[in-house]
Amino acid sequence: MKRAMLLGSVLLMVLASTIALHAQDLSNAAKPKKHRFGIYAGLGPNFYFNNLEVSKQYVREFNFAFVTRFMWEPGHNLSLGLETGYNGLYSIKEKPTVVSEAKISNAAIPIQLVISMKFLQDFYGSFTMGQSILLNKVYTKTPLGEQRSTATNLSLGDFGLAAGYKKSISQRLYLGAELKGFYSSKLDDKNLGLVFLTGYRF
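Conventions and cut-offs
- Residues numbered from 1 in each chain as written.
- Predicted model: local features only at pLDDT ≥ 70, side-chain atom pairs only at ≥ 80, totals over all residues.
- Heavy atoms only, no water.
- Phe/Tyr/Trp six-rings, centres within 6.5 Å; stacked < 30°, edge-to-face > 60°.
- Buried < 20%, exposed > 50% of the residue type's maximum accessible area, 1.4 Å probe, protein only.
- Lys NZ or Arg CZ within 6 Å of the ring centre and 35° of its normal.
- Salt bridge = Lys/Arg side-chain N within 4 Å of Asp/Glu carboxyl O.
- Helix = DSSP H or I, 4+ residues; strand = E, 2+ residues; numbered from the N terminus.

Colleague: Explanation requested: the packing of aromatic side chains in the structure shown.
Modeller: Both the distance between ring centres and the angle between the ring planes are used here to describe each pair of aromatic rings. A full pass over the atoms with the stated rule returns nine aromatic pairs. Aromatic side chains Phe47 and Phe49 sit 5.5 Å apart centroid to centroid with 90 degrees between the ring planes, which places their arrangement in the edge-to-face category. Judged by relative accessible area, which is 27%, Phe47 ranks as partly exposed. By relative accessible area, which is 38% here, Phe49 ends up partly exposed. Just above the ring of Tyr124 sits the side chain of Lys166; from NZ or CZ to the centre is 5.8 Å. Positioned above the aromatic ring of Tyr174, the side-chain terminus of Lys166 is 5.5 Å from the ring centre.

Colleague: In this structure, what is going on with the pattern of salt bridges? I would like to understand it.
Modeller: Working definition: two side chains of opposite charge can pair if their charged atoms are close together. For the structure shown, the criterion picks out eight salt bridges. Between Glu73 and Arg201 there is a salt bridge, with its nearest N and O atoms 2.9 Å apart. Within this pair, whereas Glu73 is found in the loop between β3 (62–72) and β4 (78–97), its partner Arg201 is found in strand β9 (residues 189–201), the two being separated by 128 residues in sequence. Its relative accessible area of 16% is what places Arg201 among the buried residues. The residue Lys180 makes a salt bridge to Glu83 at a minimum N-O spacing of 2.9 Å. Placement of Lys180 in strand β8 (residues 173–184) and of Glu83 in strand β4 is noted, with a sequence separation of 97 residues between them. In this structure Lys180 comes out as buried when scored by relative accessible area, which is 12%. What you see here is one network of salt bridges that share partners, running through Arg69, Glu83, Glu178 and Lys180.

Quick look at the structure:
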C-alpha cells in the first residue's frame, strides 16, 4: 500500500512538472521575439550649400544621397551603429565655347559611427561622426581631345545630424523618412537631404 502511494505521488509530481514546463514553453512562444539588430537603407534628394568661389554660377546644387545603416537596438531609447553610403555634394557643368566643355562632380562616401535616440513613439534623432572618402571626378573636352580623371581624398572630421520618423508595418519591417544634414571638414562642404528609408530588424 505504501509503495503504491509513493509511486502515485511520484507520478503526480512528474505529471505536474510536465504540465508546468509545457505551459512555460507556450507562454514563451506567445511572447514576440526581440530583434536587437536592424539594417536600414534609403535614398533621396539633397541640397548643397554653395560655398565655391570659382565657377559658383555653374554649380548644380541639387543632387542625391544613398544611405546604408547597421544598428544595434537593444530595446531602449538609445541605439548605436555604423553608417555608410554615397552623398553627392555638387556637380559643375561649364561650356565656355562650342567645342569645349568641363564637368566636375564631388561626392562623399561616409564611414561613420551613429548614435540614435528615440523620442515620442515613432520619432528619433541621430548624430553621426567619423571619416569620409571624398571622390572627385573631372571631365574636359577641347579641340585637342577628351580627358578624364578621378581623385580621392580622406576627410577625417565629418559630422551629421538627422531627425526622422519610422513606422513598423510588421514585426520586422519599417518604413520612414528623415531630414539629414551633413558637414565635411576637408573643404567646408555642407548639404541637407531628405532620405526615404526602409528597414529590417533581425
